Amino acid sequence: MSECKLVVCDWRAARSCTMHGSEVDRVIAALSADPATIEELSEAFVRFMRPSFSGAQDTNCSRKTGTMDSSISAEPDPRKSQLRNWLCMGLDDEPYDAGLVVIDLAAKLIVVESTYSSHAHRDCIFEHLPDGKTTRYFYFHLDRSWKISHDANNWQHLARQRRSERTPDGLDARTVLYGEPLLEFIAQSCLDNWHRREQIITETVLRSSERSRQDAEYTNLEQQNDLPTSELFYDLFREIHAAWLLKPLAELNGNCPREIMVEQQEHISLDLQDRYHQWSVQGRCPPPLSTRAYSYRFAGFGTAANVMYYHLIRSLLAQCWENLQHEVACSGEVPDRENFIRSEIAQLALYRDEWIEQPENGLFGKSPSWFCERERRRLPLVVTGTDMMPDCDCPLCQMMADTSAPMLIGLDGSDLDDEFVFDFTCRTQEDWDRKQAEWQAKNDRIEAGIAVQKELGLPICPPFEPVADFDEEESDWNVDENSEPSESVIATRTSSLELCLFEVGAELADVIVGLRGTRNEFRELRLPDIECLNRHFANLRAACGRAREPISISLLEPVIDRFRDDLFRIASDYPELAESCYTVLGKLDEFSEFD
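Since the model is a prediction, treat every value here as computed from it, not as a measurement.

Caption draft 1: Representation of the overall build of the protein. In terms of helices and strands, the protein carries 23 helices and 10 strands. Counting over 595 residues, the protein shows a buried share of 45%. Of all intrachain contacts in the protein linking residues separated by at least 6 positions in sequence, the fraction that spans at least 24 positions is 71%. Within the structure as shown, the protein displays about 31,600 Å² of accessible surface, and the carbon and sulfur contribution to it stands at 50%.

Caption draft 2: Quick peek at the layout of surface pockets. When its volume is computed, the largest pocket comes out at roughly 1,100 Å³. Along the wall of the largest pocket there are 41 residues; nearest its centre are Arg 166, Gly 170, Glu 263, Tyr 294 and Phe 298. Of all the secondary-structure elements, those providing two or more residues to the lining of the largest pocket are helix H11 (257-263), helix H13 (294-297) and helix H16 (368-376). Split by residue class, the lining of the largest pocket holds 15 nonpolar, nine polar and 17 charged.

Caption draft 3: Representation of the side chain of Gln 278. Relative to the helices and strands, Gln 278 resides in helix H12 (residues 265-282). The residues touching Gln 278, leaving out its near neighbours within four places in the chain, are Arg 47, Phe 48, Phe 138, Gly 283 and Pro 286.

Caption draft 4: Summary view of the pairing of strand E1 (residues 3-9). In terms of residue burial, E1 counts as a mostly covered element, since six of its seven residues are buried. With seven bridges connecting them, E1 and strand E2 (residues 14-20) associate as antiparallel partners. Considered in E2, the bridge of Val 8 is made with Arg 15. If you look at the hairpin formed by E1 and E2, you'll find four residues sitting between the two strands. Pairing of E1 with strand E4 (residues 99-104) involves five bridges; the strand directions are parallel. Looking across to E4, one finds that Val 7 is bridged to Val 102.

Caption draft 5: Representation of the confidence of the model for the protein within the structure. With 81% of its residues at a pLDDT of 70 or more, the protein has an overall mean of 82. Under a pLDDT of 50 for its full length, residues 214-225 has, in the predicted model, 14 contacts with residues more than four places off or in other chains. Contacts for the low-pLDDT stretch residues 547-551, under 50 throughout, to residues beyond four places or in other chains number seven contacts.

Caption draft 6: Fine view of the sheet that holds E2. Read from one edge to the other, the open sheet built from six strands follows the order E3-E2-E1-E4-E5-E8, with strand pairing classed as mixed. Strands at the two margins of the open sheet, each flanked by one partner only, are strand E3 (88-89) and strand E8 (147-149). Where E2 and E3 come together, two bridges link them in antiparallel fashion. Residue pairing for E3: Ser 16 is matched across the bridge by Cys 88. In the packing of helix H1 (residues 21-30) onto the sheet, the strands contacted are E1, E2, E4 and strand E5 (109-114), and the crossing angle to E2 comes to about 135°. Sitting on the sheet, helix H5 (residues 155-164) touches E1, E4, E5 and E8, and the angle it makes with E5 is about 165°.

Caption draft 7: Up close: the pairing of E5. Where E4 lies against E5, six bridges are found, and the strand directions are antiparallel. Within the sheet, the bridge partner assigned to Gly 99 lies in E5 and is Ser 114. Where E4 hands over to E5, the hairpin turn is made up of four residues, of which Lys 108 adopts a positive phi near 50°.

Caption draft 8: Region of the structure containing helix H14 (residues 303-331). A rise of 1.5 Å per residue sets the reference length of H14, with its 29 residues, at 42 Å; its end C-alpha atoms lie 42 Å apart and thus fit the reference within 8%. After H14 finishes, the residue Gly 332 shows a positive phi value of roughly 80°.

Caption draft 9: Highlighting the nonpolar core. Ranked by size, the top nonpolar core spans 63 residues in total, and within it Leu 177, Ile 186, Phe 233, Trp 244, Leu 245 and Tyr 309 carry the most contacts. Listed by contribution, the elements that provide at least two residues to this core are helix H6 (174-177), helix H7 (180-192), helix H8 (197-211), helix H10 (234-245), H11, H14, helix H15 (337-357) and H16. By residue number, the principal contributor to this core is H14, which donates 14 residues. Ignoring anything within four residues of it in the chain, the contact list for Trp 244 reads Val 176, Leu 177, Pro 181, Leu 182, Phe 185, Leu 249, Pro 257, Tyr 309 and Ile 313. Of all hydrophobic cores here, the second largest spans 35 residues; its members include Leu 105, Ile 125, Val 281 and Leu 289.

Reading the values: rules and limits
- Residues numbered from 1 in each chain as written.
- Predicted model: local features only at pLDDT ≥ 70, side-chain atom pairs only at ≥ 80, totals over all residues.
- Heavy atoms only, no water.
- Helix = DSSP H or I, 4+ residues; strand = E, 2+ residues; numbered from the N terminus.
- Buried < 20%, exposed > 50% of the residue type's maximum accessible area, 1.4 Å probe, protein only.
- Contact = heavy atoms within 4.5 Å.
- Areas by Shrake-Rupley, 256 points an atom, 1.4 Å probe, with all protein chains shown as cover.
- 1 Å grid on protein atoms, 1.4 Å probe; cavity = no way out; pocket = protein on both sides within 12 Å on 5 of 7 lines; lining within 4 Å.
- Points joined across faces, edges and corners; volume = space filled by probe spheres on them.
- Nonpolar A, V, L, I, M, F, W, Y, C, P; charged D, E, K, R; others polar.
- Pairing = 2+ DSSP bridges.
- pLDDT = per-residue confidence, 0-100.
- Axes fitted to C-alpha atoms, helices over the stretch in contact; angles between N-to-C directions.
- Expected span 1.5 Å × (residues − 1).
- Core = buried A, V, L, I, M, F, W, Y, C linked by side-chain atoms within 4.5 Å.

This is the structure in structure tokens:
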């Protein structure tokens, strides 16, 4: 009772076949890519296809560390999909063995009447490795528009009903949200609010002087230009931004931009989260969506796209306002409305294209288009260790830069305005109000607990629970000194070395921060000492990398001795750093445990 009949339908055709229930589960998991045709479902199935284990390397792939792959943006090859070979022409919905599973892509309908498995919008599939002991799980999430039914007898009636409510034509919202409707709205709004300029400047400068009375420069209206345009007119830009997001547009079938942006935000974010997990388990990047796929061409907005769109609009508003200000300064009067809007749309279009492709330091050197494109193709956002390196003098940053493993990153929108209209995790105002009430309730409980602790004279932060004593008898290190260390012992030893190395780097970072000082000239004078410490730490990391074999542990001793000598010297030269240096020395002493 493990095989069942599978029926797959789209707007044009229906196909069916008999397959094992576990493969049917993978087909349903492929629906997380939102395919619209049988061909697209076959391509999406590649993401969950059962791999072929043909050697020791594949057998151990769950322990491999994924590396950056230059080919991850390539188009998936539909010929690699087994599903296209399994499905035959024609509709055959006669149950077989374990039952019947129907997938109607046009109706967004899944009908399951099977004794093998059941399905939900949030589910997982699994596979057993050839060793017979290891099981790997892969999670998937279906969009809420999918309906799951167990009425196999009436599935065709339900499918016709749902098809009548849907259309095969997609809505390319990006041509509207990034195109002329947005640029025209920004130009009109800036021109319409130009008469409020002096009032806005006065209010902003007064608020700035209230927040920082010690900064006399902000209290003088003549020095208003010291504030950038984006900050000086921040409230106005926020008001225009919110008006755009809540404006119903005929080009969006009467929906407002915000409704389009939140429609699939949760689904895309969860699907990316599942692909992060899949990469970490399989050790390789999951295949992306094809640029030919319906779900790519008419893709919704995920978190990264929403965050980038927020900053794009604010940048366009600031640029438009500066352009308008320049025209008024040159001509001495407000420009003609029609001429200004027409010319400004062209200028803003050029600025938009340049902004989208411009790499940003705050975005790990990536451009906004890089984030949006990867998210649109459901590819995890990853950078190299070098991209993640914020400080070249930091020992831990250097460790991170040297790794070949990809660094998973993400955008959470924490820098957006804390208002309902800019919170794309809440679909409705009621969701936002509920979320705020929950946060306020948690904050009230915390403050109430702190007040009680103060009244009772108790410490506000309770001490940590003591760590249990180490049991040497149960340790993997308790082995015969004449015997060869097992793989588990070597793995434990290597892991402990890495942990100890990390602790040394963390403490050494405090010493380097102290060497920099609070004035820039200190860093130049103390740069040789900073380079010396980083060189010692690099040598220690290299020795630890060769310390997998027991005999190689002896390589650590001369490296540590030279490291200690310079730490003692720096502690003597800079008494204020002596305590931090001695802390690093204490961490270095722990390496003697690996003899």
